[in-house]
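Each chain, letter by letter, is given below.
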Amino acid sequence: MRSEDHPWGEYLQQVLSPFSLKEDTMEDKRIECLYGLLDRAIREHDSDAESSLRWAIFTLENYCGKS
């Protein structure tokens, strides 16, 4: 099964779980992955996923020490 065939929930679980951002490199990888998912949501015109991903990115960047 291609990665494009998986539902959004599985992707978000992989990115955000476990939610410990002790290393900057891991945090950066998670944010990069979220931006990739955001691009996909925009291409597929999935407004629900897009708004959820924007909120997740905002939260990670602003409240987890990433600017």
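This part takes up the overall build of the chain. Assigned secondary structure in the chain consists of three helices and zero strands. The linear arrangement of helices and strands in the chain, starting from the amino end, is α-α-α. Burial status across the chain gives 25% buried among its 67 residues. Counted over contacts in the chain with a minimum sequence separation of 6, partners at least 24 positions apart contribute 49%. Roughly 4900 Å² of accessible area belongs to the chain as shown, and the carbon and sulfur atoms make up 52% of that amount.

Each value, and the rule that gives it
Residues numbered from 1 in each chain as written. Predicted model: local features only at pLDDT ≥ 70, side-chain atom pairs only at ≥ 80, totals over all residues. Heavy atoms only, no water. Helix = DSSP H or I, 4+ residues; strand = E, 2+ residues; numbered from the N terminus. Buried < 20%, exposed > 50% of the residue type's maximum accessible area, 1.4 Å probe, protein only. Contact = heavy atoms within 4.5 Å. Areas by Shrake-Rupley, 256 points an atom, 1.4 Å probe, with all protein chains shown as cover.

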